[in-house]
Amino acid sequence: ADVAYLRSVLPSTTDDAFFDYLATLDASEVTVTAIPEGSVVFARVPFLQVKGPLLVVQLLETTLLCLVNYASLVATNAARFRLLAGPDVKLIEMGLRRAQGPDGALSASKYSYIGGFDCTSNILAGKLYGIPVRGTIAHSFVMSFRCLEEVQPRELPPQAGGDPVDLAALAVSWLQRVCDLLQTPPGKANQGELAAFVSYAVTYPCDFQGLLDTYCVRRSGLPNFCAVALALHQLGYQAIGVRLDSGDLAQQSKEIRGAFRACGAHFQVPWFGTIPIAVSNDISEQSLEEFRREGSEINMIGIGTNLVTCPLQPSLGCVYKLVEVNGSPCLKLTEDEEKMTIPGMKTIYRLYDAAGHPFMDLMALEEEPSPSAGQELEVHVLGQLGETTKVIPTTVEPLHRTYFKDGQVCEPLPSLPEVRTHAQVSLNLLSPAHRRLHEPQSYPVAMTERLHRLFLELRQGS
C-alpha cells in the first residue's frame, strides 16, 4: 500500500524498477550505535550514528530526528526544573491541556518523567508507561456545591470500626474551634466549599486533600480544610495535602504551614504540622528561583505549560549529516565553523578528572586506538581548532553502544525507570560549574590530532 501511494504522488516518469526496489527494502544492513538514553549529551557530539545503504539511511533521517528532538528537548527542560526544585520537592507533570495534541501530551509525560519529574496527571501516560499518577480536586468540583444539605452520603464509620458518624456535623463543630484559633470569622467560611470538602472526605477518607483558593484562602479554604481534616482525624483518618493555584504561592505556603502547626500543637495532632502543600499556576523556572530566594513551605509543584511547550527554547536543533560514503569521509563546508560537520565514522569518549567529573568529550576516528587513563593526549577543542590542548584523563569512558545490527536489536533496551535513574546519575556526575543553569562554564568537545588532520585535509581540498 505504501509503494502504491508513492507511485500515485511521484512523477509518472519514475522508473518502475524504483518501486520494485522499494518493495524489497529492509533494515538488515543497517547498524545503529548511540549514546545510552538518559545520558548528558553536549553540543556537536554525535550521539547517534547510522550505517547502511545510502537510500535506506536517508529514509530514516526524518523519523529519527522526530523521535530524538522533542524527547531530548522535554527531558532537558524537565531536568532543569528538577535542578532548580532540588531533590526533596515532588514535581508533577500536568501539561495535558496545553500540549501540542494528544500525542505531544503523551510524549511530554514520558520524557518529563525521564528528566526527573515524579509523577503525571495524565492517566493514559500512567497506563501506557507505568508513570506514577497524581492529581488534586478541581475548582469546578468545589464550586458545584452550595450548602451542606447537598452532601450525600454524609456519614463515615471510624477507621477502627463502629457506628457511622455524620461527618458534616462533626466538621461544623470543628470549624468553630479552628476559626477561634486562627482568628477568622466562621461566617466568612464558604458553606459550599465546606460541603465539597466533606463530600470528598466521605468518599476518600484516606486520601483527603483540599484545594484552598476557590474563594478566600485565609478566611475560607484554610479553616474549612482544617475543620474537615480534624474531623477525619477524630475518626482515625489522616489528610494527605492541600493545593494552592493562585496568588503569592511562597508567602501563602508559609502562612498555611504556620496555621497547620498551630492546629497541630493546639489540638494535639502532631502530624498536622507536616501536611504537604502543593502549588500550581503557570509555574516557570523563574517561579522556582523565587520560591528558593524567598523561602517557602512548598512540598509539591505541578508544572504544565512551561514544561511541555518549552517556551524558553521551543525546538531542539539536532541534525543528521552524512560523514562518510563508500569508505570516503566527507565534509559539509560552510563559512560558519560551528556548522561544519566533523568527517568520518567516529568513536566518542568521555574524559573524567580525579574528582570523578567529566571534563571533556573527545571525538576520534573509529579505527584509532582508544585513549588510556593517565595518558597525556594532544587534542583540538572545537572553537579553538588552531590550538593544541594537552589533557590527562583519570578515567576514559567510550560513550557509543551498538543497539541495532543485522536487522536485530542487539542490546536490551532499558526500562523507563532505568532511563530516568541514568539521567539523574549523568546529571549528578557533572561538575557544579557545568551543571549550573545561569552562566555555566562551557563544556569542551574536542577531536584527536588524527581526526583534526583529516578535517583540515578535506577542508583545504574542497
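Here the structure is a predicted model, which means the values were calculated and not measured.

Calculation criteria
Residues numbered from 1 in each chain as written. Predicted model: local features only at pLDDT ≥ 70, side-chain atom pairs only at ≥ 80, totals over all residues. Heavy atoms only, no water. Salt bridge = Lys/Arg side-chain N within 4 Å of Asp/Glu carboxyl O. Helix = DSSP H or I, 4+ residues; strand = E, 2+ residues; numbered from the N terminus. Buried < 20%, exposed > 50% of the residue type's maximum accessible area, 1.4 Å probe, protein only. UniProt positions renumbered as here; feature names shortened; annotations may be inferred. Core = buried A, V, L, I, M, F, W, Y, C linked by side-chain atoms within 4.5 Å. Contact = heavy atoms within 4.5 Å. Expected span 1.5 Å × (residues − 1). Arc of directions from axis to C-beta. Domains from an automatic or database assignment. Buried area = accessible area lost by both parts, 1.4 Å probe. Polar contact = N/O pair within 3.5 Å; in protein donor to acceptor, adjacent residues only side chain to side chain. Nonpolar A, V, L, I, M, F, W, Y, C, P; charged D, E, K, R; others polar. Axes fitted to C-alpha atoms, helices over the stretch in contact; angles between N-to-C directions. Parallel < 35°, antiparallel > 145°, perpendicular 65-115°, else oblique. Left-handed = near helix turned anticlockwise from the far one by under 90°. Pairing = 2+ DSSP bridges.

Asks: Lay out the pattern of salt bridges in plain terms, naming residues and giving numbers.
Replies: Summed over the entire model, instances satisfying the criterion amount to 13 salt bridges. In this structure, E285 engages R80 in a salt bridge whose closest nitrogen and oxygen atoms are separated by 2.6 Å. Here the residue E285 occupies a position in helix α11 (residues 285–294), and R80 occupies one in helix α3 (residues 54–85), the gap between them amounting to 205 residues. Judged by relative accessible area, E285 falls into the buried class, the value being 9%. By relative accessible area, which is 27% here, R80 ends up partly exposed. The shortest N-O distance in the salt bridge between E297 and R261 comes to 3.7 Å. Taken together, the residues span a long stretch of sequence, with E297 in the loop between α11 and β10 (300–303) and R261 in helix α10 (residues 249–266) at a distance of 36 residues.

Asks: Please provide a residue-by-residue account of the UniProt feature "domain: Nicotinate phosphoribosyltransferase N-terminal" (unreviewed entry) in the protein, values included.
Replies: Mapped onto this structure's residue numbering, the UniProt feature "domain: Nicotinate phosphoribosyltransferase N-terminal" (unreviewed entry) falls at residues 2–69. In the segment residues 2–69, helix accounts for 46% and strand for 12%; the C-alpha atoms at its two ends are 26 Å apart.

Asks: Lay out the nonpolar core with the relevant residues and their values.
Replies: V198, F208, F225, F260, F272 and I301 are the most contacted members of the largest nonpolar core, which has 73 residues in total. If one sorts the elements of this core by residue count, helix α9 (residues 217–234) sits on top with 10 residues. Filtering out sequence-adjacent residues up to four positions away, F260 remains in contact with L222, F225, C226, V242, F272, G273, I275 and I277. Membership of the second largest hydrophobic core comes to 22 residues, among which are L399, V445, L451 and F455.

Asks: Please set out helix α15 (residues 449–461) residue by residue, giving values where relevant.
Replies: When the terminal C-alpha atoms of α15 are compared, their 18 Å separation across 13 residues agrees well with the 18 Å that a helix rising 1.5 Å per residue should span. Taken together, the buried positions of α15 are occupied by L451, H452, L454 and F455. Along α15, the residues classed as buried sweep out an arc of 160 degrees about the axis, all on the same side. Across from the buried face of α15, at angles greater than 90 degrees, the exposed residues are E457, Q460 and G461.

Asks: Can you tell me about the domain arrangement of the protein, naming the residues and giving the values?
Replies: For the protein, the assigned domains are domain 1 (29–54 + 329–461) and domain 2 (76–309). If you average the C-alpha positions of domain 1 and of domain 2, the two centres end up 45 Å apart. Each partner contributes to the interface: domain 1 provides 10 residues, whereas domain 2 provides 15 residues. Taking both sides of the interface into account, the surface hidden between domain 1 and domain 2 amounts to around 1100 Å²; carbon and sulfur atoms contribute 67%. Between R420 and D118 there is a salt bridge whose closest N-O contact spans 3.4 Å. Connecting domain 1 to domain 2 are six residue pairs in polar contact (both at pLDDT 80 or more). Tallying contributions element by element places helix α13 (residues 416–429) first for the side of domain 1 that touches domain 2, with seven residues. Partitioning the side of domain 1 that touches domain 2 into residue classes produces six nonpolar, two polar and two charged.

Asks: Residue-level account of the packing of helix α7 (residues 167–182) against helix α8 (residues 191–203), with values.
Replies: Two numbers describe how α7 lies on α8: the axes approach to 10 Å, and their chain directions differ by 130 degrees. On the basis of the axis angle, α7 is oblique to α8. Handedness of the crossing formed by α7 with α8: right-handed. Facing L167, A168, A171, V172 and L175 of α7, the residues of α8 in contact are Q191, L194, V198, A201 and V202. Tallied by class, residues from the contact of α7 with α8 come to nine nonpolar, one polar and no charged.

Asks: I'd like to hear about the pairing of strand β15 (residues 377–381), residue by residue, with values.
Replies: Within β15, four of the five residues are buried, which leaves the element mostly enclosed by the surrounding structure. Bridge analysis of β15 against strand β16 (residues 389–391) gives three bridges, and the strand direction is antiparallel. By the bridge assignment for β16, E378 is matched with K390. For β15 and strand β20 (residues 445–448), the ladder comprises three bridges, and the chain directions are antiparallel. Considered in β20, the bridge of V379 is made with T448.

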